[in-house]
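Summary of the model geometry
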Amino acid sequence: MLVKDKKFKRYISESALKQRIEELGRQLSEDYAGKNPLFIAVLNGAFMFAADLMREIDIPSEISFIKFTSYHNMHSTGVVDQIIGIEEDLRERHVVVIEDIVDTGITMTEVLAEIRRYHPASVEVVALLTKPKALQRPVSIKYTGFEIEPKFVVGYGLDYDGYGRNLCEILILDEPEQSDENGDWGTE
Ligand code: 5GP
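Residues numbered from 1 in each chain as written. Predicted model: local features only at pLDDT ≥ 70, side-chain atom pairs only at ≥ 80, totals over all residues. Heavy atoms only, no water.

Some remarks on the confidence of the model for the protein chain
On average, residues of the protein chain score 89 in pLDDT, and 87% of them are at 70 or above. In the model, residues 180-187 has pLDDT below 50 throughout and makes 23 contacts with residues more than four positions away in sequence or in other chains. (pLDDT = per-residue confidence, 0-100. Contact = heavy atoms within 4.5 Å.)

Laid out in structure tokens, this is it:
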């Protein structure tokens, strides 16, 4: 299947995503019962995952969104320049960050450092996808949807240069990745 100009193949089906997200929702609802958690979804990539995950949460909770500006290409993840959108009073709140994918862990390390500046009661992460073999920072992801191989994926919120976010399943790159300057994934 072509997304923009690259060939991708099916990797995680719509039904597998749905089933795993139901499990994550159940687990989070149990773990955070009585805690009125504040979910913070990282835009843009996590928008679809967050929407589906929140429908599986059956306890009182709130959701908010953050966005950061950074540069990524196919091989190097960038520095997080700025995080925007933390407006809630996070003090004493139980925060759960909703992220689409943790690759090197650099982004999440910075997001967590920023959130901790507001002195929440606790912070955990739910990531739909993690790439354990690509991890460069010791970031602890308490809730993971799927551990995947360190290859480029698109779909279900994740883009390739702006395209593919609307796909209902996750696709994986079906050709050798090139380490050139043109492999821009686009922004978050
Ligand atoms: P990290 O800082 O952990 O290396 O990268 C995290 C961010 O890089 C994710 O939020 C996502 O935007 C982007 N990213 C990492 N791996 C992939 C991937 O395989 N596909 C896409 N589309 N984005 C990715």
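Considering the environment of Ile-57
Summarising the element assignment, Ile-57 is placed in the loop between α2 (47-54) and β4 (62-72). Classification of Ile-57 by relative accessible area gives buried; the value is 11%. Separated by 32 residues in sequence, Ile-57 and Gly-25 place their C-alpha atoms 5.1 Å apart. (Helix = DSSP H or I, 4+ residues; strand = E, 2+ residues; numbered from the N terminus. Buried < 20%, exposed > 50% of the residue type's maximum accessible area, 1.4 Å probe, protein only.)

Here we look at the packing of helix α1 (residues 14-31) against α2
Across the interface, α1 lies against α2 with an axial gap of 9 Å and an inter-helix angle of 60°. In terms of orientation, α1 and α2 fall into the oblique class. As for how α1 packs across α2, the hand of that crossing is right-handed. Packed against α1, whose contacting residues are Ile-21, Leu-24, Gly-25 and Leu-28, the element α2 presents Phe-49, Asp-52 and Leu-53 at the interface. Along the lines of polarity and charge, the residues of the contact of α1 with α2 split into five nonpolar, one polar and one charged. (Axes fitted to C-alpha atoms, helices over the stretch in contact; angles between N-to-C directions. Parallel < 35°, antiparallel > 145°, perpendicular 65-115°, else oblique. Left-handed = near helix turned anticlockwise from the far one by under 90°. Nonpolar A, V, L, I, M, F, W, Y, C, P; charged D, E, K, R; others polar.)

Comments concerning unusual backbone geometry
Between Leu-43 and Asn-44 the backbone carries a cis peptide bond, its omega angle lying at 0°. Inspection of the secondary structure puts Asn-44 in the loop between β3 (38-43) and α2. Positive phi, close to 65°, is recorded for Glu-92, a residue that is not glycine.

A word on the pattern of salt bridges
In the structure shown here, the tally under the stated rule is twelve salt bridges. Arg-10 serves as the salt-bridge partner of Glu-169, at 2.8 Å between the closest nitrogen and oxygen. Taken together, the positions of Glu-169 in the loop between β9 (153-154) and β10 (170-173) and Arg-10 in strand β2 (residues 6-12) put the pair 159 residues apart, joining distant regions of the chain. The class for Arg-10 is exposed, based on a relative accessible area of 59%. The salt bridge involving Asp-52 is made with Arg-55; its shortest N-O contact spans 2.9 Å. (Salt bridge = Lys/Arg side-chain N within 4 Å of Asp/Glu carboxyl O.)

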